[in-house]
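Listed below are the residues making up each chain.
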Amino acid sequence: MTITVFIDGEAGTTGLQIHERLRDRDDISVLQLGDRRKDPQARCDALNTADVAILCLPDDAALEAVAMIEGDTRVIDASTAHRIADGWTYGMPELTAGQPDLIAKAKNVANVGCYATGSIALLRPLTERGVIGADTPLSINAVSGYTGGGKALIAEMTEENAPNFFLYAMTQGHKHLPEIMAYGGLSTAPVFQPSVGRFAQGMIVSLPLHASQLTGGLEAVAEAYREHYANTPFVTFDEGNVDRLDPEMHNDTNQMSLHLRSNADGSRMVAFAVLDNLGKGASGSAVQNLDLMIGATLPSL
């Protein structure tokens, strides 16, 4: 049986990458509108014809698209519009035990955000096991490739005189914070400082920790990651003593690796997540969620 998929927003960065990942699949037919992609009636027809619609749109347009659906079309929304909304299943299969089954059965799936992917991957094993209390004051730092900012930022960062690095969202109001708190298991908002580097794709999320913040110290953190990611095909806990981490090391894949380094006595440590902001942080996770929803064997993305 061939599944019909409509990518609403197929011309955007995430939409193009999803299409690339589905292009050679013989179990999926991608419904494309071509020059009619901005025609409201054509979009409405496609949204209601497809078995699964993947929304790669700004929030307002995603809300509009969902309102157009009158039938049984299942939805994967890559915007932030529904990530903590009632009636939507959070599209992060590695979130907790049973999450893949919830995604598989869901009609509406809110695809996880890129910064949130790394942040929640670091937080959830610790809060779920009581290694970190929900009210622990934390800080999270992250650097992303510029493609995460969409066409405007891509154009800016490919100019000859573009900055090599900059911080932004410095007033602590980043749009990924609500989902980081909700699914990371936090009741106290972390200090979250994102930044952008002059590279197209890739991301590192860093979670600094003091042993005094933890129940069980360094080994409890390591054990939580070992246990949580023991059987996850796309997330690994790398216990090697790396001295450098490259934000581009997982580019063009759906892989994410976690790393943990500390000082000599284990009193201070940093946990890291490395992923492709357009792969595991967007298009890769969308295809992973799609495969769960249609019962496909998960490919090596």
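Structural data are supplied above this passage.
Quick caveat: nothing in here was measured; it's all calculated off a predicted structure.

Q: I'd like to hear about the side chain of D77, residue by residue, with values.
A: For D77, the position within the fold is in strand β4 (residues 74-77). At a separation of 2.9 Å, a polar atom in the side chain of D77 contacts the main-chain amide nitrogen of S79. Sequence-distant contacts of D77, defined by excluding residues within four places in its chain, comprise L55, A62, H82, W88, V109, A110 and N111.

Q: For the packing of aromatic side chains, give the residues involved together with the corresponding values.
A: Counted according to the given criterion, the structure contains 4 aromatic pairs. Taking 5.4 Å as the distance between ring centres and 75 degrees as the angle between the ring planes, the aromatic pair formed by Y115 and F192 counts as edge-to-face. Here Y115, found in helix α5 (residues 114-128), pairs with F192, found in strand β9 (residues 191-197); they are 77 residues apart in sequence, far enough to count as distant. For Y115, a relative accessible area of 3% gives the class buried.

Q: Quick rundown of the side chain of T14? Include the residues and the values.
A: On the secondary structure map, T14 appears in helix α1 (residues 13-22). You can call T14 buried: its relative accessible area is 19%. Among residues more than four places away in sequence, those in contact with T14 are C56, L278, A282 and S283.

Q: Kindly report on a nonpolar patch on the surface, identifying the contributing residues and their values.
A: On the surface, F165, L167 and M170 cluster together to form a nonpolar patch covering roughly 320 Å² of accessible area. Following the sequence through the fold, F165 ends up in strand β8 (residues 165-167). Here F165 falls in the partly exposed class, since its relative accessible area comes to 48%.

Q: How would you explain the sheet that holds strand β2 (residues 28-31) if you had to name every residue and give the values?
A: Strand pairing within a sheet occurs via backbone hydrogen bonds; the two strands may be parallel or antiparallel. Read from one edge to the other, the open sheet built from 6 strands follows the order β2-β1-β3-β4-β6-β5, with strand pairing classed as parallel. The open sheet has two free edges, formed respectively by β2 and β5 (89-91), since each of these has just one partner strand. In this sheet, neighbouring strand axes are inclined to one another by 25 degrees on average, regardless of whether the strands run parallel or antiparallel. Pairing of strand β3 (residues 52-55) with β4, which is carried by 4 bridges, proceeds in the parallel orientation. Of the residues in β4, the one forming a bridge with V52 is R74.

Q: Help me get a handle on the packing of α5 against helix α7 (residues 177-184), residues and values and all.
A: With their axes 8 Å apart at the nearest point, α5 and α7 run at an angle of 25 degrees to one another. By the criterion of interaxial angle, the relationship of α5 to α7 is roughly parallel. Classified by chirality, the crossing of α7 by α5 is right-handed. Facing α5, whose interface residues are A116, S119, I120, L123, R124 and T127, α7 presents E179, I180, Y183 and G184. For the contact of α5 with α7, the class distribution of residues is 5 nonpolar, 3 polar and 2 charged.

Q: I'd love a proper account of the pairing of strand β7 (residues 139-145), names of residues and values included.
A: Look at any regular strand and the pattern is simple: side chains alternate between the two faces of the sheet. Most of β7 sits inside the fold, with 5 of its 7 residues counted as buried. Pairing of β7 with β9 involves 7 bridges; the strand directions are parallel. The residue bridging A142 from the neighbouring strand is P194, located in β9. The pairing of β7 with strand β10 (residues 203-210) spans 4 bridges and is classified as antiparallel. Looking at β10, one finds that V143 is bridged to I204.

Q: Could you give me a rundown of the layout of surface pockets, with the residues and numbers involved?
A: Of the voids in this model, the largest pocket is the one considered here, and its volume is about 1,100 Å³. T14, C56, L57, P58 and G150 are the residues nearest the centre of the largest pocket, which is lined by 48 residues in total. Split by residue class, the lining of the largest pocket holds 19 nonpolar, 19 polar and 10 charged. Computed from the structure, the second largest pocket encloses a volume of approximately 270 Å³. For the second largest pocket, the lining is made up of 19 residues, of which P93, E94, H228, N231 and T232 are closest to its centre. In the lining of the second largest pocket, the residues fall into 9 nonpolar, 6 polar and 4 charged.

Quick notes on the rules
Residues numbered from 1 in each chain as written. Predicted model: local features only at pLDDT ≥ 70, side-chain atom pairs only at ≥ 80, totals over all residues. Heavy atoms only, no water. Helix = DSSP H or I, 4+ residues; strand = E, 2+ residues; numbered from the N terminus. Polar contact = N/O pair within 3.5 Å; in protein donor to acceptor, adjacent residues only side chain to side chain. Contact = heavy atoms within 4.5 Å. Phe/Tyr/Trp six-rings, centres within 6.5 Å; stacked < 30°, edge-to-face > 60°. Buried < 20%, exposed > 50% of the residue type's maximum accessible area, 1.4 Å probe, protein only. Patch = residues over 30% accessible without salt bridge, like charges linked within 9 Å, V, L, I, M, F, W, Y side chains within 5 Å. Areas by Shrake-Rupley, 256 points an atom, 1.4 Å probe, with all protein chains shown as cover. Salt bridge = Lys/Arg side-chain N within 4 Å of Asp/Glu carboxyl O. Pairing = 2+ DSSP bridges. Axes fitted to C-alpha atoms, helices over the stretch in contact; angles between N-to-C directions. Parallel < 35°, antiparallel > 145°, perpendicular 65-115°, else oblique. Left-handed = near helix turned anticlockwise from the far one by under 90°. Nonpolar A, V, L, I, M, F, W, Y, C, P; charged D, E, K, R; others polar. 1 Å grid on protein atoms, 1.4 Å probe; cavity = no way out; pocket = protein on both sides within 12 Å on 5 of 7 lines; lining within 4 Å. Points joined across faces, edges and corners; volume = space filled by probe spheres on them.

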